[in-house]
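Now for the letters of each chain:
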Amino acid sequence: MAVGKEIRGKIKSFENTKKITKAMELVSASKMRKAQERMRHGRPYADKIRNIAANLSQANPEYRSAYLRTGGNAKVIGFIVVTTDKGLCGGLNTNVLRAVTNKMREVQGAGGQVQAVAIGNKGLGFLNRIGAKVVSHITGLGDKPQLDKLIGPVKVMLDAFVAGQVDEVYLCYTQFINTMKQEPKVEPLLPLAAARLEQTAEEKKAYGWDYLYEPDPATVIDELLTRYIEALVFQAVAENMASEQSARMVAMKAATDNAGNLIAELKLVYNKTRQAAITKELSEIVSGAAAV
């Protein structure tokens, strides 16, 4: 029964794997709920900042922030690439990195240069492999991202844009749609489009106040727009983490189901092998008795 012993070993191995993938599925489901709550809680702050910044920008038409500048040829393009630190989450990172690669090729094909900020270990490794210029990076954010940890790497790209060293900045991440669907996004972040700062009639009424500026309107508007951009990046990281846990839960569920199917198939093969061995022994016994 050497063959049967080998099959039993495989069955035991798959059962151990199934226990691990089932545990990872349950952990991801728990983390997914927390990540979704964190993602939803970040949206009101970004909306408040956007409305105040939009109202201030309209109230001071004589000053135009560097974040709102337009025109000129885009020769240097910056990318803020948000990925995960860990794997085992299906094609989540592959999809967003493929979209980033296509956009970078498009920019380079038009004669432009690219540089990137990597948020997440997977994106950092990919950008290094393709030889992209990585000006800053951050990894090991954990399950609960902190805005103060993101400010440093992102500020490198913001300062380069304000100084005119970068003409446009794109934000690349995976948007959370629902548990079964996550969509890769490559969105223009800078310069801030007018559509981002548009207000509805209700918002104009709610935020149409007169302001006292300290020290001056330019400083206040620039600081608010900086906080708004940082909020957009933080929201992208929160969306990406919710997508990561959802994708990992789905991937681990599929792995658990596949392990169960393999175990069932191996048990069937084992039973057939065992039955064939028993039948062979009985045949030998009967043949021996008949010969006697």
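Placed above this text is the structure.
Rules of the game
- Counting starts from 1 at the beginning of each chain's written sequence and moves along it residue by residue.
- With the structure being a predicted model, the display of local features is reserved for residues of pLDDT at least 70 and the display and counting of side-chain atom pairs for 80 or more, all residues being used for whole-chain, interface and lining totals.
- Only heavy atoms go into the side-chain values, all of them from the structure, while hydrogens and water stay out.
- Counting from the N terminus, the helices are the DSSP runs of H or I reaching at least four residues and the strands are the DSSP runs of E reaching at least two.
- Here the term buried applies to any residue with accessible area under 20% of the maximum for its type, exposed to any over 50%, and partly exposed to those in between, with areas from a 1.4 Å probe on protein chains only.
- Contact criterion: two residues are considered in contact whenever any of their non-hydrogen atoms come within 4.5 Å of each other.
- We get accessible surface area from the Shrake-Rupley algorithm with a probe of 1.4 Å; when it comes to residues, only the shown protein chains can shield them.
- Being paired, for any two strands, means DSSP has found at least two bridges between them.
- Every axis in this analysis is a line fitted to C-alpha atoms, fitted for helices over the stretch in contact. Angles between the N-to-C directions lie between 0 and 180 degrees.

**A few points about the overall build of the protein chain**
Across its full length, the protein chain holds six helices and five strands. Taken from N to C terminus, the helices and strands of the protein chain fall in the order α-β-α-β-α-β-α-β-β-α-α. Within the protein chain, the fraction of its 292 residues that count as buried is 40%. In the protein chain, the share of contacts with a sequence separation of at least 24, taken over all contacts with a separation of at least 6, comes to 77%. For the protein chain, the accessible area works out to roughly 16100 Å², and carbon and sulfur atoms hold 55% of it.

**As for the side chain of Q245**
With respect to the element layout, Q245 can be found in helix α6 (residues 217-291). The residues touching Q245, leaving out its near neighbours within four places in the chain, are S28, K31, M32 and D143.

**So, the sheet that holds strand β3 (residues 133-138)**
The mixed open sheet is built from five strands, whose spatial order is β3-β2-β1-β4-β5. Looking at the sheet topology across the chains shown, the edges are occupied by β3 and β5 (181-190). This sheet shows a mean twist of 20° between the axes of neighbouring strands, independent of strand direction. Note: strand β4 (residues 168-178) against β5, nine bridges, orientation antiparallel.

**Describing the pairing of β4**
Where strand β1 (residues 76-82) and β4 come together, five bridges link them in parallel fashion. Counterpart to F79 in the pairing with β4 is Y170.

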